[in-house]
Amino acid sequence: MSTKTLKLLSDPLNLNNPITVQVLGICSALAVTVKLEPAVVMSLSVLFVLAFANVIISLLRNTIPSRIRIIVQLVVIAALVIIVDQVLKAYSYEVSKQLSVFVGLIITNCILMGRLEAFALGNKPWPSFLDGVGNAAGYSIILIIVAFFRELFGSGSIWGIQIIPDSFYDFGYVNNGLMILPPMALIIVAIIIWVQRSKTRELIETN
Amino acid sequence: MEDILNIFVKSIFIDNMIFAYFLGMCSYLAVSKTVTTATGLGLAVIFVLGITVPVNYLIENFLLKKGALDWLLGSAAADIDLSFLSFIMFIAVIASMVQLVEMVVEKFAPTLYAELGIFLPLIAVNCAILGGALFMQEREYTSIGEATSFALGSGLGWFLAIVGIAAIREKIRYSNIPAPLRGLGITFIVTGLMGIAFMSFMGIKL
């Protein structure tokens, strides 16, 4: 793989992360991170939808009239999301119940529209595919970090398996109920942003 | 009647779109730098939610749901279940309603149009709007009145949240924040704190 294609994959992981730098797709990112399992399922769904939507739009890029491109993009995305939703309902009904409306909300996830507009409309299918995979991976990393900490401190378990031993609880350790509440997701993301920006100073905003 | 009022209050404070479900965060973060633009976007969201959710409610109940086509085809339609099409229908309704609303407002209320201006087209891809439609579907409201009051309440809750954060961000510009947290980071933290404050409304019932 040349450095250029490698960059497509690695850039979104840190320097151009969709969540912490481009500020896209936050809506669905935070609500599904109470436990690790739904977060991973959500990440995989976004990976699938984003990679293939990018490829399809990139294949169609010379035939879509630019006036109606938003509608075309929405239809492509919605069709892919319906596939994901039906597969989830068929094979892991429990998780699909936990994700509730958030699978459907992948349609309006700004990462999708953002990448389709910014990349797939002007590039060949293969780079578009890589760009989709890279951005979905950047999204997934944040989701998984947040879900890891929220499940560890909020429920004392990882992937539903208890990690913190019973002896801790006997000693007086209590799960932090605050971690399960929605606002903590925001604060954890803020901490991730803090860490990331103090490592890469060029990301710091000036105002 | 109490139900309608209850749903309204509940969707403003307890099931707040932003603090409880993080819906519409993208535009919430992008457009909350000043109070005036935030007010414009907030009004546009109330407006569009108030129109699209009832329309989607009718579509859901008279076209998509299992047995919803009875009024048209009689008992032969009892087994038809089109609910897998709901995503595509809802987003199509939202995109076209936004377009339609834009044209109507431009024609009949030019001052409002000038105020909402650029925000109307942005709203088609605001998660809060589709989220409203999907929650309406999931919670199975029993009448169009309930669906409408849910829509207006959610819109008002979103409006409160974005105007609040915009006011805080206007003031916070003069504070001495650690450099890596400036901008996005501190906005997240403030939103989190506002969310915790809103949690104290939990359990309200009228």
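Residues numbered from 1 in each chain as written. Chains lettered and ligands numbered in written order. Predicted model: local features only at pLDDT ≥ 70, side-chain atom pairs only at ≥ 80, totals over all residues. Heavy atoms only, no water.

Caption draft 1: Broad picture of the pattern of salt bridges. Residues and elements named next belong to chain A. Scanning the model with the defined rule gives four salt bridges over all chains in all. Between D131 and R115 there is a salt bridge, with its nearest N and O atoms 3.0 Å apart. With D131 in helix 7 (residues 125–155) and R115 in helix 6 (residues 110–118), this residue pair connects regions lying 16 residues apart in the sequence. Of the residues examined, D131 reaches a relative accessible area of 3% and is grouped as buried. (Salt bridge = Lys/Arg side-chain N within 4 Å of Asp/Glu carboxyl O. Helix = DSSP H or I, 4+ residues; strand = E, 2+ residues; numbered from the N terminus. Buried < 20%, exposed > 50% of the residue type's maximum accessible area, 1.4 Å probe, protein only.)

Caption draft 2: Local environment of the packing of aromatic side chains. Tallied over the entire structure, the rule returns 11 aromatic pairs over all chains. Taking the centre distance of 5.1 Å and the plane angle of 45 degrees together, the rings of F48 of chain A and F52 of chain A count as tilted. Taken together, the positions of F48 of chain A and F52 of chain A, both in helix 3 (residues 36–60) and four residues apart, correspond to about one turn of that helix. Overall, F48 of chain A belongs to the partly exposed group, its relative accessible area being 31%. Residue F52 of chain A is classed as partly exposed on the basis of its relative accessible area, which comes to 37%. With a centroid separation of 4.6 Å and 40 degrees between ring planes, the pair formed by F13 of chain B and F201 of chain B is classed as tilted. Taken as a pair, F13 of chain B in helix 1 (residues 2–13) and F201 of chain B in the segment after helix 11 (184–199) lie far apart in primary sequence, 188 residues in all. By relative accessible area, which is 27% here, F201 of chain B ends up partly exposed. Put simply, the rings of F48, F52, W126 and F129 of chain A pair up and form one aromatic cluster. (Phe/Tyr/Trp six-rings, centres within 6.5 Å; stacked < 30°, edge-to-face > 60°.)

Caption draft 3: Spatial organisation of helix 11 of chain B. Residue and element names in this part refer to chain B. Here helix 11 contains 16 residues, and its C-alpha end-to-end distance of 23 Å stays within 8% of the 22 Å for a straight helix at 1.5 Å per residue. By the criterion of burial, helix 11 is predominantly enclosed, with 12 of the 16 residues buried. Listing the buried residues of helix 11 in full gives L184, G185, I186, T187, F188, I189, V190, T191, G192, M194, G195 and F198. (Expected span 1.5 Å × (residues − 1).)

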